[in-house]
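Listed below, chain by chain, are the residues.
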Amino acid sequence: MKKGATILLLGLLLATAAFCGFYYLGTASCRRMMRGPQPELAWLKKEFKLSDAEFARISQLHAAYLPQCAARCQRIEEQSQRLRQLLSQATNMTREIQFVLAERARMRAECEAEMMKHFLDVSRTMPPEQGRRYLAWVEKQTFLHGQAMEDRHHTEGGSQPAHQHQM
Amino acid sequence: MKPNQTLEDDQRLRQVLRQWTVNPPLPPRFKEQVWQRIARSEAQPAPSLRGSLARLLEVVVPRPRFAFSYVAVLLVLGVAAGSLAAQAKTKRLDESLGLRYVQSLDPYRAGPSNP
């Protein structure tokens, strides 16, 4: 009976050890990536199979883009605050509100154009095949894929408007 | 002895054998004993779970072939489960890092605190 119990226990211990060992080995690269200073860029390197030189160039582009992006976001936020202020006092559409709306839309368009330019710069730094894959991926993941506003006006088929604005 | 007479004797022997029947007497209380044996076999208790487990541990598990198969199957299950769990974890992490990359660049995909 003791021998049988020992065999049962040994089997369970071996199974547990195998599970832990393979889990540990299988997640080692992830843990290494998460310990790095910029895990999301490390992920980009792994996902799009970048060389060290390509990765260094993309890291530079990334670092240069972020402060400009933050500055644009700051300006958009200022316009949004100004708009909220004007709307809190207004009862009719004024020329100033129209101007702030237009200005904010212009800044958003500029932000999107700069983002697109950054994506294209990054894709050109990659090997051609990976660059195309990167662009297709960012298109799905970002504003390029479409907005809820546009989607709202389409049926599931995507061609017929679901409803019309009241003019 | 003539061949015709031999043939005739054989036929007679066969006829006698065909007609011969044996009716041995049954042992005393034969029926009663049969019913008692049936009753005894039905009254035997079913093996308990504990007994079965004890038998499994004492007799079945220590058999080399069973022990080797058991350990091998558990080992393979452990390896497969560990690999699958690691794969799932890596996939989840990849998705989350991809999202983090996009959120760092696209303010429209960032959290609610960003514009």
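Quick summary incoming for the structure in this document. The model shown is predicted, which means the values in this text are computed figures rather than measured ones.

**Description of the nonpolar core**
Of all hydrophobic cores here, the largest spans 28 residues; its most connected members are Trp43(A), Leu44(A), Phe48(A), Met126(A), Tyr134(A) and Tyr101(B). The set of elements that each furnish at least two residues to this core consists of helix H2 (28-35), helix H3 (39-47), helix H4 (52-89), helix H5 (95-125) and helix H6 (128-141) of chain A together with helix H4 (64-105) of chain B. When residues of this core are assigned to their parent elements, the largest contribution, six residues, is made by H4(A). Those residues in contact with Phe48(A) that sit more than four places away from it in its chain are Trp43(A), Met126(A), Gln130(A), Arg133(A), Tyr134(A) and Trp137(A). The next biggest cluster of nonpolar side chains, apart from the first, holds eight residues, and it includes Leu57(B), Ala67(B), Tyr70(B) and Val71(B).

**Some remarks on the interface of chain A and chain B**
At the interface, 43 residues of chain A touch 33 residues of chain B. Between chain A and chain B, the buried area comes to about 3,500 Å², and carbon and sulfur atoms account for 75% of it. Among the residues of chain A in contact with chain B, Met1(A), Ile7(A) and Glu40(A) are the three that bury the most area, contributing 15% of the side total. At the boundary of chain A with chain B, the tally comes to two salt bridges. Glu40(A) is paired through a salt bridge with Arg100(B); the nearest N and O atoms lie 3.5 Å apart. If you list the elements that add at least two residues to the side of chain A that touches chain B, you get helix H1 (2-26), H2, H3, H4, H5 and H6 of chain A. In the side of chain A that touches chain B, the residues fall into 29 nonpolar, eight polar and six charged.

**Regarding unusual backbone geometry**
Positive phi values are uncommon outside glycine, yet Lys49(A) reaches one of about 50 degrees. Position of Lys49(A) relative to the elements: it lies in the loop between H3 and H4. On the basis of relative accessibility, which here comes to 58%, the residue Lys49(A) falls in the exposed class. Phi at Arg29(B) takes a positive value of approximately 60 degrees, unusual for a residue other than glycine. Tracing the chain through its elements places Arg29(B) in the loop between helix H1 (3-19) and helix H2 (30-43). Here Arg29(B) falls in the exposed class, since its relative accessible area comes to 56%.

**Side note on H5(A)**
Over its 31 residues, H5(A) runs 45 Å from end to end, which matches the ideal 45 Å to within 8%, given 1.5 Å per residue. Residues of H5(A) that are buried include every one of Ile97(A), Val100(A), Glu103(A), Arg104(A), Met107(A), Cys111(A), Met115(A), His118(A), Phe119(A), Val122(A), Ser123(A) and Thr125(A), and no others. Each element contacted by the buried residues of H5(A) is listed here: H4 and H6 of chain A together with H4 of chain B.

**Here's the deal with the packing of H2(A) against H4(B)**
For any two helices packed against each other, one specifies the crossing angle of their axes together with the interaxial distance. At a minimum axis separation of 10 Å, H2(A) and H4(B) run at an interaxial angle of 25 degrees. If you check the angle between H2(A) and H4(B), you find them roughly parallel. The chirality of how H2(A) crosses H4(B) is left-handed. Residues Cys30(A), Met33(A) and Met34(A) of H2(A) pack against Thr90(B), Leu93(B), Asp94(B), Leu97(B) and Arg100(B) of H4(B). For the contact of H2(A) with H4(B), a count of residues per class yields five nonpolar, one polar and two charged.

**Topic: the packing of H3(A) against H4(B)**
Put simply, H3(A) and H4(B) touch, their axes get as near as 8 Å, and they point 110 degrees apart. Comparing their axes, H4(B) and H3(A) come out roughly perpendicular. For the element pair H3(A) and H4(B), the recorded crossing hand is left-handed. For the pair H3(A) and H4(B), contact is made by Pro39(A), Glu40(A), Leu41(A), Trp43(A), Leu44(A) and Lys46(A) and by Thr90(B), Asp94(B), Leu97(B), Gly98(B), Arg100(B) and Tyr101(B), respectively.

**Some details on the side chain of Thr125(A)**
All names here are of chain A. Among the structural elements, Thr125 can be located in helix H5. Given a relative accessible area of 17%, Thr125 falls into the buried group. In this view, Thr125 contacts Glu54, Arg57, Ile58 and Leu61; residues no more than four positions away in its chain are not counted.

Thresholds, definitions, all that
- Residues numbered from 1 in each chain as written.
- Chains lettered and ligands numbered in written order.
- Predicted model: local features only at pLDDT ≥ 70, side-chain atom pairs only at ≥ 80, totals over all residues.
- Heavy atoms only, no water.
- Core = buried A, V, L, I, M, F, W, Y, C linked by side-chain atoms within 4.5 Å.
- Buried < 20%, exposed > 50% of the residue type's maximum accessible area, 1.4 Å probe, protein only.
- Helix = DSSP H or I, 4+ residues; strand = E, 2+ residues; numbered from the N terminus.
- Contact = heavy atoms within 4.5 Å.
- Buried area = accessible area lost by both parts, 1.4 Å probe.
- Salt bridge = Lys/Arg side-chain N within 4 Å of Asp/Glu carboxyl O.
- Nonpolar A, V, L, I, M, F, W, Y, C, P; charged D, E, K, R; others polar.
- Expected span 1.5 Å × (residues − 1).
- Axes fitted to C-alpha atoms, helices over the stretch in contact; angles between N-to-C directions.
- Parallel < 35°, antiparallel > 145°, perpendicular 65-115°, else oblique.
- Left-handed = near helix turned anticlockwise from the far one by under 90°.

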